[in-house]
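Residue strings, one per chain:
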Amino acid sequence: MGIQPRAGILDIRPYKPGSSEAPGVENPVKLSSNENALGCSPKAAAAFEAASTRLHLYPDGGATKLREAIAREEGVDADNIVCGCGSDELLQLLGRAYLNPGDKVVQSQYGFLVYRLVAMQCGAELVCAPERNYTTDVDAVIGAAGDDARIVFIANPNNPTGTYIPDAEIRRLRDALPDTTLLVIDAAYAEFVSNADYNAGMDLARERDDVVVTRTFSKIHGLAGARLGWAYGDKSIIDVLHRVRGPFNVNLPAIEAGAAAIADRSFMKKSADHNAEWVAWLRQQIGGLGLEVTPSVCNFVLIHFPDTPGKRAADADAFLTSKGLIVRGVEPYGLPNALRATVGKADDNRRLAEALGEFVNA
Ligand SMILES: *Cc1c(COP(=O)(O)O)cnc(C)c1O
């Protein structure tokens, strides 16, 4: 072939979304993509539908209505926000804008896979900092970053581990990094976390010009299909992201749905309450079967399996699929013997615990 992409592109293993198939099983339950068990706000759905009369029109390229709705709810300035086609897009744009080939990018050992994709797309060098107890180790990140990392990506809390580090630790990390290193805090699950020592990083991003926070409508707002995310940071960073984004990167129905969703506090609370109840229940039930479950503040649990023939994660995955329960293998994260399961509706969670019990005791 004469036509070749840029060096490194063909080394990228394309992102594999959570499966939604369980061959031969009717009405399988999808617990593989951390979607909201309760769907989305009815107000968001109504706003999306109402937008159907305007599909022939270009959206507002600045997504002003959405940025203002976010700003109102978060108590921040709309000029410090840029919206994107999922927070994935914003992570890609950060790479496009700030990474030169050969630059160093740092993430935590089990950090979200998209950071690796961003680094590879840009020809950057990815360095992973070892974790402790499946949790970001700030000292290891500082060591890996040294004095020349261009971007440090931290998912707080992290997917697929479900763990978080306190605000004080994030601040300690920021203080230790050189001011030529951009700290990206991916707070996709922030709204699920009620721990007093947690902060999504919004205050830090307001105080400093070398921190950017990414947020998403895919998780607590239940709008994964609408593809909507946003970034918050100093105007110098937001201005850069505006320059590299597509002119209409957020579509019109998504702007309407997002603006309605972020104002629906009662749906958010319902989702957070449902999650808190069931994530604790899953951990207790599955832990009670003798499987290790990493403590999670997110809407999923990471389940570890014994290294015993017939009892490993891949065996459990096949068994659960045969029962119509689709969870997520996390081998690409370097966790070949674990599975990630999203918190589902009450009955789905009961089915999952029951099926795992059958598997363990078979
Ligand atoms: C789900 C998730 C996102 C959100 O992705 P979207 O593109 O907004 O759907 C970002 N970061 C992490 C860690 C996630 O798990």
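Remember, predicted model here, so these are calculated numbers, not experimental data. (Residues numbered from 1 in each chain as written. Predicted model: local features only at pLDDT ≥ 70, side-chain atom pairs only at ≥ 80, totals over all residues. Heavy atoms only, no water.)

J.: I'd love a proper account of the overall build of the protein chain, names of residues and values included.
T.: Secondary structure summary: the protein chain contains 12 helices and 13 strands in total. C-alpha extents for the protein chain along the principal axes are approximately 60 × 55 × 50 Å. If you sum the accessible surface of the protein chain, you get close to 15,800 Å²; carbon and sulfur atoms cover 51% of it. (Helix = DSSP H or I, 4+ residues; strand = E, 2+ residues; numbered from the N terminus. Areas by Shrake-Rupley, 256 points an atom, 1.4 Å probe, with all protein chains shown as cover.)

J.: Mind laying out the environment of Pro336, listing which residues take part and the relevant values?
T.: Among the secondary structure elements, Pro336 is positioned in strand S13 (residues 335-342). Separated by 32 residues in sequence, Pro336 and His304 place their C-alpha atoms 9.3 Å apart. Ignoring anything within four residues of it in the chain, the contact list for Pro336 reads Ala313 and Glu331. (Contact = heavy atoms within 4.5 Å.)

J.: Let's hear about the domain arrangement of the protein chain: which residues, and what values?
T.: Each domain of the protein chain was delimited in the assignment, giving domain 1 (22-39 + 266-361) and domain 2 (42-263). Look at where the C-alpha atoms of domain 1 and domain 2 centre, and you get two points 26 Å apart. Listed as interface residues are 26 residues of domain 1 and, on the opposing side, 28 residues of domain 2. Both faces considered, domain 1 and domain 2 share a buried interface measuring about 2,000 Å² in area, 68% of it formed by carbon and sulfur atoms. Contact with domain 2 buries area across many residues of domain 1, yet Met268, Val297 and Tyr333 alone supply 34% of it, more than any other trio. Summed over the shared surface of domain 1 and domain 2, the number is zero salt bridges. Linking domain 1 to domain 2 there are five residue pairs in polar contact (both at pLDDT 80 or more). (Domains from an automatic or database assignment. Buried area = accessible area lost by both parts, 1.4 Å probe. Salt bridge = Lys/Arg side-chain N within 4 Å of Asp/Glu carboxyl O. Polar contact = N/O pair within 3.5 Å; in protein donor to acceptor, adjacent residues only side chain to side chain.)

J.: Before we move on, can you summarise the pattern of salt bridges with the specific residues and values?
T.: Inspection of the entire model under this criterion finds 24 salt bridges. For Arg171, the salt bridge goes to Glu207, with nearest N and O atoms at 2.9 Å. In this pair, Arg171 sits in helix H6 (residues 167-176) while Glu207 sits in helix H7 (residues 202-207), placing the two residues 36 residues apart along the sequence. Taking relative accessible area as the criterion, Arg171 reaches 25% and is therefore assigned partly exposed. For Glu207, a relative accessible area of 53% corresponds to the exposed category. Across the salt bridge formed by Arg215 and Glu191, the nearest N and O atoms sit 3.1 Å from each other. One end of the pair, Arg215, is in strand S7 (residues 211-216); the other, Glu191, is in the loop between strand S6 (182-186) and H7, with 24 residues separating them in the sequence. (Buried < 20%, exposed > 50% of the residue type's maximum accessible area, 1.4 Å probe, protein only.)

J.: Summarise empty space enclosed by the protein; cite the residues concerned and give the values.
T.: Rolled over the atoms, a probe sized like a water molecule indicates the empty space that remains. Here the structure, examined in full by the defined rule, presents one cavity of 30 Å³ or more. Within this model, the largest cavity holds a volume of roughly 70 Å³. Lining the largest cavity, in full, are Glu35, Asn36, Ala37, Leu38, Phe192, Ser271, His274, Asn275, Asn299 and Val343. Among the residues forming the lining of the largest cavity, the class breakdown is four nonpolar, five polar and one charged. (1 Å grid on protein atoms, 1.4 Å probe; cavity = no way out; pocket = protein on both sides within 12 Å on 5 of 7 lines; lining within 4 Å. Points joined across faces, edges and corners; volume = space filled by probe spheres on them. Nonpolar A, V, L, I, M, F, W, Y, C, P; charged D, E, K, R; others polar.)

J.: Let's hear about the sheet that holds S7: which residues, and what values?
T.: In spatial order, the strands read S2-S8-S7-S6-S5-S3-S4; together these seven strands make up an open sheet with mixed pairing. The open sheet has two edge strands, strand S2 (81-84) and strand S4 (125-129), and neither has a second partner. In this sheet, adjacent strand axes meet at a mean angle of 20° when their direction is disregarded. Taken together, the five bridges between strand S5 (residues 149-155) and S6 define a ladder with parallel strand orientation. Directly across from Val152, in S6, lies its bridge partner Leu183. Contacts from helix H4 (residues 114-121) reach strand S3 (104-108), S4, S5 and S6, with the element oriented near 160° to S5. Packed onto the sheet, H6 meets S5, S6 and S7 and runs at close to 160° relative to S6. (Pairing = 2+ DSSP bridges. Axes fitted to C-alpha atoms, helices over the stretch in contact; angles between N-to-C directions.)

J.: Could you give an account of the packing of helix H10 (residues 265-288) against helix H12 (residues 346-361), naming the residues involved and the relevant values?
T.: Closest axis-to-axis distance for the H10/H12 pair is 10 Å, and the angle between their directions is 10°. Relative to H12, the element H10 lies roughly parallel. Taking contact as the criterion, the partners of His274, Trp278, Trp281, Leu282, Gln285 and Ile286 in H10 are, on H12, Ala346, Asn349, Arg350, Leu352, Ala353 and Leu356. (Parallel < 35°, antiparallel > 145°, perpendicular 65-115°, else oblique.)

J.: How would you explain the layout of surface pockets if you had to name every residue and give the values?
T.: There is about 530 Å³ of room inside the largest pocket. Along the walls of the largest pocket sit 29 residues, with Lys16, Arg328, Gly329, Glu331 and Pro332 positioned nearest its centre. Listing elements by their share of the lining of the largest pocket, those giving two or more residues are H4, helix H11 (313-322), strand S12 (328-330) and S13. For the lining of the largest pocket, the per-class residue count stands at 17 nonpolar, four polar and eight charged. Inspection of the lining of the largest pocket shows a minimum of three residues originating in each of domain 1 (22-39 + 266-361) and domain 2 (42-263). Tyr15, Ser33, Asp88, Phe112 and Lys219 are, among the 27 residues lining the second largest pocket, the residues nearest its centre. Of the residues forming the lining of the second largest pocket, the biggest block, three residues, is contributed by helix H3 (residues 86-98).

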